[in-house]
Amino acid sequence: LRPDVSPRPSSMSDVEETLKRIQSHKGVQGVIIWNPEGIAIRSTFEPKVTTQYAALLSSLSSKSRSIVRDLDPTNDLTFLRVRTKKGEIMIAPDKDFTLMVLQDPGTEGAV
């Protein structure tokens, strides 16, 4: 997932198309989009998992953005990648929403 590659979706059908394209990559386990309040607005996960991921990762994203700005007020967080033993979480924050992709990093052809 590289936020600098594709243009910003202009309509809900573009958003759905983008989600389908991301979800079709090998290794992608799920996608969540949440608003600035951390409330999921789109997800490919079950509701309980969606709520947990959105709540915890919106906090992580917000804190990370704050750290980047504290270090350099002219800078901003554009992408956050967390790799664990079991998976990889990629977060692309934006002003109006945040996109999160969970993938298996061992899968060839992953995002």
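To start, this report covers the structure provided alongside it. (Residues numbered from 1 in each chain as written. Predicted model: local features only at pLDDT ≥ 70, side-chain atom pairs only at ≥ 80, totals over all residues. Heavy atoms only, no water.)

**Observations regarding the pairing of strand 1 (residues 28-34)**
The line we're drawing: Per-residue accessibility, obtained with a 1.4 Å probe over protein chains only, is compared with the maximum for each type, and a residue is labelled buried under 20%, exposed over 50%, and partly exposed between these values. Runs of H or I in DSSP of at least four residues are treated as helices and runs of E of at least two as strands, each being numbered from the N terminus. Criterion used throughout: strands pair if DSSP finds at least two bridges between them.
Most of strand 1 sits inside the fold, with 6 of its 7 residues counted as buried. Note that strand 1 and strand 5 (residues 98-103) share 6 bridges and pair antiparallel. Bridge pairing links I32 to M100 in strand 5. For strand 1 and strand 2 (residues 40-43), the ladder comprises 3 bridges, and the chain directions are antiparallel. Residue I32 lies in a different strand from strand 2, and its bridge partner there is S43. In textbook terms, the turn of a hairpin is the stretch between consecutive antiparallel strands, and for strand 1 and strand 2 this stretch comprises 5 residues, one of which, G38, has a positive phi near 85°.

**Topic: the environment of L60**
The criterion, for reference: A contact between two residues is defined here by any heavy atoms of the two lying within 4.5 Å.
Examined against the element boundaries, L60 turns out to sit in helix 2 (residues 47-71). Taking the C-alpha atoms as reference points, L60 and I91, separated by 31 residues in sequence, lie 9.7 Å from one another. For L60, the residues in contact, after removing those within four places along its chain, are L80 and V82.

**Here we look at the sheet that holds strand 1**
As a reminder, the rule being used: Only the stretch in contact is used when fitting a helix axis, every axis being a line fitted to C-alpha atoms; angles between N-to-C directions are given from 0 to 180 degrees.
On the basis of which strands lie adjacent, the open sheet formed by 5 strands has the order 2-1-5-4-3 and antiparallel pairing. Looking at the sheet topology across the chains shown, the edges are occupied by strand 2 and strand 3 (80-83). On average, each strand axis in the sheet is inclined to that of its neighbour by 15°, with strand direction left out of account.

**A short note on the side chain of T50**
Put simply, the test is: Polar contacts, as used here, are pairs of N or O atoms within 3.5 Å; protein pairs need one atom able to donate a hydrogen and one able to accept it. Residues neighboring in sequence count only if both atoms are side-chain atoms.
You can see T50 is positioned in helix 2. Here the side chain of T50 touches F45 through a polar contact of 3.3 Å, landing on its backbone oxygen. Apart from the residues within four sequence positions on either side, T50 is in contact with I32, A40, S43 and F45.

**Details of the pattern of salt bridges**
When the charged atoms of two side chains with opposite charge come close together, those side chains can pair. To keep it simple, the criterion reads: Any carboxyl oxygen of Asp or Glu that lies within 4 Å of a side-chain nitrogen of Lys or Arg is treated as forming a salt bridge with it.
On inspection of all chains with the given rule, the structure shows 4 salt bridges. Notably, a salt bridge pairs D76 with R65, separated by 3.0 Å at the nearest N-O pair. Of this pair, D76 sits in the loop between helix 2 and strand 3 while R65 is found in helix 2, placing the two residues 11 residues apart along the sequence. The class of D76 is partly exposed, set by a relative accessible area of 31%. For R69, the salt bridge is made with D76, and the minimal N-O distance between the two is 3.3 Å.

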